[in-house]
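# Close look at the chain arrangement
Residue-level listing of the chains:
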Amino acid sequence: SQENGQATLETLESGNLFIIRLDSERQWYRYLHLFGDSLHQRLRKTKPDQEISLHLKASEWYAQNGFPDQAIEHAFQAEDFDRAVRLIEKQADACWKGGEHKKLQSWLDALPVDLLLSNPNLCVFQAWEQFVNEQQDAVETTLQALEKLDLTQEFQNESDRMRIQGRVAIIRAFLAFHKG
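Residues numbered from 1 in each chain as written. Predicted model: local features only at pLDDT ≥ 70, side-chain atom pairs only at ≥ 80, totals over all residues. Heavy atoms only, no water.

## Concerning the packing of helix 8 (residues 120–132) against helix 9 (residues 136–148)
- Packing of helix 8 against helix 9 leaves a shortest axis separation of 8 Å and a crossing angle of 165°. The orientation of helix 8 relative to helix 9 falls into the category roughly antiparallel. Of the two elements, helix 8 crosses helix 9, and the hand of that crossing is left-handed. On the side of helix 8, the interface is formed by P120, C123, V124, Q126, A127, Q130 and F131, while helix 9 contributes Q136, A138, V139, T142, L143 and L146.
- Within the contact of helix 8 with helix 9, the residues separate by chemical class into nine nonpolar, four polar and no charged. (Axes fitted to C-alpha atoms, helices over the stretch in contact; angles between N-to-C directions. Helix = DSSP H or I, 4+ residues; strand = E, 2+ residues; numbered from the N terminus. Parallel < 35°, antiparallel > 145°, perpendicular 65-115°, else oblique. Left-handed = near helix turned anticlockwise from the far one by under 90°. Contact = heavy atoms within 4.5 Å. Nonpolar A, V, L, I, M, F, W, Y, C, P; charged D, E, K, R; others polar.)

Structural data, given as structure tokens:
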């Protein structure tokens, strides 16, 4: 039952066994890293065919419970790159505006290049990251790939198409300014 589970968690926590409390309300716990690593290794040895499905379930749970970063990481671990793209798209603007460029770039780097270059939203962020990192030739390649995409097919909403086109125009303006 819920009460017995909570009591078990508190006993484990007080004995410093296997878990660490993550909040003061005693609602969130995680395994100690060594214990968690041990469980992962055991799973890989005993039931390797279940690892992917468990990562997918974890990704779904994290996404539904407001933990997008963990949902994305588990999608990558399950090698479900389409799911990762959908999740990253939902977080990309917030990451960029929040200054979490390295996190966003690590996600973009983990995607297969063809998949990244077939997604207009993520192409824009990739081009921005390349520009910020002074990779002008790479920016041009990314923008050319993006401009080959049929935005009418990708976006039913005209304002979404205009947003992408506007961002491309801004990146091109920055590129032109940088080149003098």
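## Describing the packing of aromatic side chains
- Applying the stated criterion to the full structure yields eight aromatic pairs.
- Residues W128 and F174 carry aromatic rings whose centres are separated by 5.7 Å and whose planes lie at 65° to one another, so their mutual orientation is edge-to-face. One end of the pair, W128, is in helix 8; the other, F174, is in helix 11 (residues 158–179), with 46 residues separating them in the sequence.
- Judged by relative accessible area, W128 falls into the buried class, the value being 15%.
- Both rings, one in F131 and one in F174, keep their centres 5.8 Å apart while their planes meet at 55°; by these two values the pair is tilted. Of the two residues, F131 sits in helix 8 while F174 sits in helix 11, which places them 43 residues apart along the sequence.
- Site record: aromatic cluster; members linked through ring pairs are W96, F125, W128, F131 and F174. (Phe/Tyr/Trp six-rings, centres within 6.5 Å; stacked < 30°, edge-to-face > 60°. Buried < 20%, exposed > 50% of the residue type's maximum accessible area, 1.4 Å probe, protein only.)

## Considerations on the pattern of salt bridges
- Applying the stated rule across the entire model yields six salt bridges.
- For the salt bridge of E140 with R172, the shortest nitrogen-to-oxygen distance reads 2.8 Å. Placement of E140 in helix 9 and of R172 in helix 11 is noted, with a sequence separation of 32 residues between them.
- For E147, the salt bridge is made with R172, and the minimal N-O distance between the two is 3.0 Å. With E147 in helix 9 and R172 in helix 11, this pair connects stretches of sequence that are 25 residues apart.
- Salt bridges here are not isolated pairs; linked through shared partners, they connect D69, E100 and K103. (Salt bridge = Lys/Arg side-chain N within 4 Å of Asp/Glu carboxyl O.)

## What to know about the environment of L146
- Within the element layout of this structure, L146 appears in helix 9.
- Separated by 24 residues in sequence, L146 and L122 place their C-alpha atoms 9.4 Å apart.
- Setting aside residues no more than four positions away along its own chain, L146 makes contact with P120, C123, V124, I164 and V168.

## What about the side chain of R167?
- Topologically, R167 is positioned in helix 11.
- The exposure class assigned to R167 is buried, which follows from its relative accessible area of 19%.
- For R167, the contacting residues outside a window of four places in its chain are D93, V124 and F125.

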